[in-house]
Every structure is written in structure tokens, then in C-alpha cells.
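Per-entry structural report
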Amino acid sequence: MSRFVSSTQGVPASGRVPRHVAIIMDGNGRWAKKRFLPRVAGHTRGVETVRDMVRACLERGIGYLTLFAFSSENWRRPEEEVTLLMQLFVKALRHEVVKLDRNGVRLKVVGDLSRFDAGLREMIAAAEEKTAGNDRLVLTICANYGGRWDILQAANRLALAEPEKAGQWLESDLAPYLSMHYAPEPDLFIRTGGEERVSNFLLWQLAYTEFYFTGTLWPEFNDDALEKAIESFRQRGLEAGRDQPGKRQVRVRARIGQPPLEAVVQRADQRRPVVVSM
């Protein structure tokens, strides 16, 4: 059973800083096109933005960062671009895992990895094993991932594991078989690049997530842009009276213009100076 509360079964705790941020990193190709560069240049610059976002999450005390790196639909892209993306993935694993480990970041890669070659799968497994003991931030890379695939594979595994309960399964039965069973549901979903759709990303997990869309292209998404997204999340949380504890008091006090002290106190004991070397 998952140790986190499902948003359809209860009200997960939420503070002024989201515990889990999920991002669709859109706009690499357009960023490159604007500069008359090949698309791979945009993807390369996008990796630098990933590094910046990991650092920003560590500094803010965000516990989970999930990035949609390669969807199951991305195989439809030109073969040359797909090959370059795979090469970039391998390069990132070779050069970034040591830095992630040094900064206390646990790496997870989820999706249908069977389509990747054996060498890449071995690199992924080694990276996950190396960082398994870290707990400052869980960085999840969704690769060859689709939300529908995730639900189907979970249902199929559940059917094999508990056939005697067919027709009587509950959410709590399915949850352990989902790809991200180890993480709470995202509090904040961000999509860069101007599109305003989910694109088959975390369909089960985004049921009650706050959505934030921005026209900023992923290679240009920086610390200030992340802070704007978090501020949007924070304001919507106050309006909905969602902050815990004292959620009703926070809502009332926000309306009459008094500082929502409960919301500030909630995470005060969780914030601590961090040293990030990426």
C-alpha cells in the first residue's frame, strides 16, 4: 500500500512550498529555431535547465521533482532526432549522476524501458542504485512514459497478483503498481512552452494537482520563472483554504488582509540552509 494519501481519498497536507513539482519541459526545439540552431542544441540547453531546476528545488526544500523527458509518443519524431535524444540521455547519465549523488538527490527513471537498448537500461539501473540512499530530493525522469500506459500496466500487474479480487479492486489496491508509487501526488504541475494540455502525463496522479502554464520556453525557464509558478500555487492554496494546519483560519485571514501566519509556521521547521554544488 502507498504511504501517501490519494487526493481522491483524503486531503493531502499542503504548505506554502509544494512538496512535489511535476514539469513538462516543452519548447526546446522552438528555442533552437529562434536562434537558427539545430533542434539538438535546444535539447542540450534544456539539460542545463534541468540542472538549474534541481538546484532550485534543493534550495527551496522541495522533496520531489518529476520531469517528462521522453513520452511514448516521441518515437514518432524523426529518427535522427530520437537518436540524438538517446545519446543526450546517455551523456547526462554519465556526467550528472555523480553530482546528483553528491547533493543528496535520488534518481528514478520510470516508463516502459524495454524499448531502450540493454546498455542504456544498465546505466539507468546503476544510477538508481548509486543514489538509492539519498533523501534530500527525489528526481524522477519519465522516459518512454505515458499516463495511459502507466494505468494499464498497473492494472495488468494487479490482475496477475490478486486475481481473486477481480471486480472488487479499490484505488488502494492499484496504487502500489503505478510507476510512481514511491512519491506523493504532485502538488504543482508546470508546462512550459505555451501549450495548455497534459499530453498523457501522469493522468492518474494529476487528479487534484494545481496547473500552471507559461509561454516561457524550457531553455529559458529559470529560478525566477519557477518562483512565479510557486507563487501562483501559493495564492491558489490560500484562496482555497488548503494550507495545513488551520486551513479555515488561513482562508479567513487572507480575506481580511491579515498575514497567514499558520501557513508560514507550517514549513518553518522544515526549511534549513542547504549547500548545493551542481
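Look up a bit, the structure's there.
Residues numbered from 1 in each chain as written. Predicted model: local features only at pLDDT ≥ 70, side-chain atom pairs only at ≥ 80, totals over all residues. Heavy atoms only, no water.

With 14 residues, helix H4 (residues 118-131) should cover 20 Å at 1.5 Å per step; its first-to-last C-alpha distance of 20 Å lies within 8% of that length. For H4, the elements touching its buried residues are helix H3 (79-102) and strand E3 (105-110). Regarding H4, its N-cap is aspartate 117, as a side-chain oxygen of that residue lies 3.0 Å from the backbone nitrogen of glycine 119 further along. (Helix = DSSP H or I, 4+ residues; strand = E, 2+ residues; numbered from the N terminus. Expected span 1.5 Å × (residues − 1). Contact = heavy atoms within 4.5 Å. Polar contact = N/O pair within 3.5 Å; in protein donor to acceptor, adjacent residues only side chain to side chain.)

Before going further, it helps to examine the layout of surface pockets. A volume near 990 Å³ is recorded for the largest pocket. Taken together, 40 residues make up the lining of the largest pocket; nearest its centre are Met25, Asn28, Phe68, Ala69 and Phe70. Put simply, the parts of the chain that give the lining of the largest pocket at least two residues each are helix H1 (28-34), helix H2 (39-60), strand E2 (64-71), H3 and strand E4 (137-145). Sorting elements by how many residues they give to the lining of the largest pocket places H3 first, with nine residues. Split into classes, the residues belonging to the lining of the largest pocket amount to 22 nonpolar, eight polar and 10 charged. (1 Å grid on protein atoms, 1.4 Å probe; cavity = no way out; pocket = protein on both sides within 12 Å on 5 of 7 lines; lining within 4 Å. Points joined across faces, edges and corners; volume = space filled by probe spheres on them. Nonpolar A, V, L, I, M, F, W, Y, C, P; charged D, E, K, R; others polar.)

Moving on, we get to unusual backbone geometry. The backbone of phenylalanine 36 sits at a positive phi, close to 55°, despite the residue not being glycine. In this structure, phenylalanine 36 sits in the loop between H1 and H2. Relative accessible area serves as the criterion here: at 80%, phenylalanine 36 is assigned to the exposed category. The phi angle at asparagine 144 is positive, at roughly 50°, despite the residue not being glycine. By the element assignment, asparagine 144 lies in strand E4. (Buried < 20%, exposed > 50% of the residue type's maximum accessible area, 1.4 Å probe, protein only.)

Attention now goes to the sheet that holds strand E6 (residues 210-213). The six strands lie next to each other as E3-E4-E2-E1-E5-E6, forming an open sheet whose pairing is parallel. Bordering the open sheet on either side are E3 and E6, each of which pairs with just one other strand. Direction aside, the axes of adjacent strands within the sheet are offset by 20° on average. Summarising the sheet, strand E1 (residues 20-24) and E2 pair through five bridges and their orientation is parallel. Residue pairing across strands places isoleucine 24 opposite phenylalanine 68, the latter belonging to E2. Sheet strands touched by H3: E2, E3 and E4. Its angle to E3, the strand with the most contacts, is close to 155°. (Pairing = 2+ DSSP bridges. Axes fitted to C-alpha atoms, helices over the stretch in contact; angles between N-to-C directions.)

Over its 15 residues, helix H5 (residues 147-161) runs 21 Å from end to end, which matches the ideal 21 Å to within 8%, given 1.5 Å per residue. Buried residues of H5: Gly147, Asp150, Gln153, Ala154 and Leu158, and no others. Around the axis of H5, the buried residues are gathered within 135° of arc, so they sit on the same side. Of the exposed residues in H5, the ones pointing more than 90 degrees away from its buried face are Arg148, Leu152 and Leu160. In this fold, the buried residues of H5 make contact with E4 and helix H6 (171-174). (Arc of directions from axis to C-beta.)

This brings us to the packing of aromatic side chains. One pass over the full model with this rule turns up 10 aromatic pairs. With centroids separated by 5.7 Å and ring planes inclined at 20°, the aromatic side chains of tryptophan 218 and phenylalanine 221 adopt a geometry described as stacked. Feature note: the residues Phe68, Tyr145, Trp149, Phe189, Phe201, Phe211 and Phe213 constitute an aromatic cluster, connected by ring pairs. Across from the ring centre of tyrosine 182, 4.9 Å away, lies the NZ or CZ of lysine 108, which sits over that ring. (Phe/Tyr/Trp six-rings, centres within 6.5 Å; stacked < 30°, edge-to-face > 60°. Lys NZ or Arg CZ within 6 Å of the ring centre and 35° of its normal.)

Looking now at the side chain of asparagine 144. On the basis of relative accessible area, asparagine 144 is assigned to the buried category, the value being 4%. Non-local contacts of asparagine 144, meaning those with residues more than four positions away in its chain, are made with Phe70, Ser71, Ser72, Trp75, Gly111, Asp112, Arg115 and Phe116.

On to the pattern of salt bridges, then. All told, the structure shown has 17 salt bridges when counted by the stated rule. Between arginine 30 and aspartate 26 there is a salt bridge whose closest N-O contact spans 3.5 Å. Residue class for arginine 30 comes out partly exposed when judged on its relative accessible area of 36%. Judged by relative accessible area, which is 18%, aspartate 26 ranks as buried. With a closest N to O distance of 4.0 Å, glutamate 96 and lysine 99 form a salt bridge. (Salt bridge = Lys/Arg side-chain N within 4 Å of Asp/Glu carboxyl O.)

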